[in-house]
Amino acid sequence: MSTSLHSPPSFALSSSSRLQIARSLRFITCSTKPNNFNFNSHRSFPQIRASTGFSSSLDTGSSTELDSVSSYSEIVPDTVIFDDFERFPPTAATVSSSLLLGICSLPDTKFKNAVDMALSDSQCYGLQGSENRMSCFFNKALVNVGGDLTKLVPGRVSTEVDARLAYDKRGIVNKVHDLLKLYNDIDIPPERLLFKIPSTWQGIEASSLLEAEGIQTHLTFVYSFCQAAAAAQAGASVIQIFVGRLRDWARHHSDDPEVDAALKRGEDPGVALVTKAYNYIHKNGYKSKLMAAAVRNKQDIFNILGVDYIITPLKLLQSLKESVTPPDEKYSFIKKLSPQSAATYSFSDEELVKWDQYSFASAMGPAAVQLLAAGLDGYVIQAKRVEELFGKMWPPPNV
């Protein structure tokens, strides 16, 4: 596995493309809240110990902002595999088309053999039709890499489900069953796995079916309250909201009732969605864990303290770590979200409905529609690039 996987000149990526890929290869890594790690719980996202790079400042008699915020939320560093794998060892991970692109396109990756073995698989090789063969290679590569990751991290590995199935409930369920069978073939237990599914209506329905089977799901691309509420009703293990992306949309667009209402109240639309979704989940007793991603600055973190997980860029983490809070510091960190505050949060009758496809579609505003579509387009493009790359690499020299 230490041998580099070099791309032939005919399909090697440019240096700028490689940098873009490297920046997109994300691991969910070490948390800064200690002593609560437990990946046996069916629905809890793994809580994980601090690495030496983020040690507590208690030994110096002072407290950092990172220590303070970590007492309220699980702070999850967002690490780029090729830049920070050694410096910030991950404790949970995501395997995706983006990661496969990086493995195939950059030298000295840790997972070369996993991809080579997928492309050498005799079962895939024997399938009729290039489309079926390529789908088999893709699944095998995801699972082989995911299997290797489970040996490197103590937490769960989330496996991306093909975004081209985003509007096909049965297709999503079948794909997850196929992936789970492949994981079972290499002795990876289901409690070590999550399956990352786009939050379309069909994706949410698929999540409900899978969760009923005991298969843990991770719903992503959540940009509206109806998505978050429907995902919670479906029993999704993890629901991921992108705070900064909603803010970015609001800077250049208008006429989304949900976003406009937040702005009228003087609230950031991403923070407002996290707050509302958290309160909905906890007030109604749902088991889903809420994850906030795409935080852009410290204030984003301070405004959602108490949410289950906050995926945080490394530069922002370093800034929090380096900011020492003296004992007599007047500024105090406030837990914005809690089950107690959720109990007093008010929802309208329309927001407390049992969501169905019609009410869901009616409630999806322009921000959610456009951001969901953009996310899906990006995933589909990456998947197609992987298939094109595999087509040029196959068969490998040993086949």
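The shown structure was predicted, so the numbers you read here are calculated from the model rather than taken from an experiment. Along each chain, residue indices are assigned from 1 in the same order as the chain's sequence is written. This being a predicted model, a pLDDT of at least 70 is required before a residue's local features are given, and a value of 80 or more before pairs of side-chain atoms are given or counted; all residues contribute to the totals for chains, interfaces and linings. Derived side-chain values reflect all non-hydrogen atoms in the structure, with water molecules and hydrogen atoms excluded from consideration.

> Can you tell me about the environment of V259, naming the residues and giving the values?
Among the secondary structure elements, V259 is positioned in helix α12 (residues 257–264). On a C-alpha basis, the gap between V259 and G365 in space is 8.6 Å, while along the polypeptide they are 106 residues apart. Once you skip the residues sitting within four places of it in the chain, V259 turns out to touch L246, W249, A250, P269 and A367. The way it works is that DSSP assigns letters per residue, a run of H or I at least four long becomes a helix, a run of E at least two long becomes a strand, and they are numbered from the N terminus. Residue contacts follow a heavy-atom distance rule, with two residues in contact if any of their heavy atoms lie within 4.5 Å.

> Mind laying out the layout of surface pockets, listing which residues take part and the relevant values?
Cavities and pockets were defined on a 1 Å grid built over protein atoms only: a cavity is a set of grid points that admits a 1.4 Å probe from which the probe cannot escape, a pocket is an open set flanked by protein on both sides within 12 Å along at least five of seven lines, and lining residues are those with an atom within 4 Å of any such point. Grid points are joined across faces, edges and corners, and a volume is the space filled by probe spheres set on the points. Taken as a whole, the second largest pocket holds about 480 Å³ of empty space. Along the walls of the second largest pocket sit 27 residues, with F225, P257, E258, K276 and E351 positioned nearest its centre. Contributing elements (two or more residues each) for the lining of the second largest pocket: α10 (225–234), α12, α13 (269–283) and α18 (366–393). With five residues, the single largest contributor to the lining of the second largest pocket is α12.

> Hey, could you go over the nonpolar core for me, with residue numbers and the actual values?
In this description, a nonpolar core means a group of buried Ala, Val, Leu, Ile, Met, Phe, Trp, Tyr and Cys residues linked to one another through side-chain atoms lying within 4.5 Å. A simple rule labels every residue: compare its accessible area, found with a 1.4 Å probe on the protein chains alone, to the largest value its type can have, and call it buried under 20%, exposed over 50%, or partly exposed in between. Ranked by internal contacts, the top residues of the largest apolar core, which has 113 residues, are L100, V145 and F390. By residue number, the principal contributor to this core is α18, which donates twelve residues. F390 has contacts with L100, C104, V115, L119, M134, F137, F138 and A141, leaving out every residue within four places of it along the chain.

> I'd like to hear about the pairing of strand β5 (residues 157–160), residue by residue, with values.
Of the two faces of β5, both are covered, the one formed by V157 and T159 as well as the one formed by S158 and E160. When DSSP finds at least two bridges between two strands, those strands are taken to pair. In the sheet, strand β4 (residues 93–95) pairs with β5 via three bridges, with the strands oriented parallel. What sits directly across from T94, in β5, is S158. Alignment of β5 against strand β6 (residues 193–198), held across four bridges, turns out to be parallel. Of the residues in β6, the one forming a bridge with T159 is F195.

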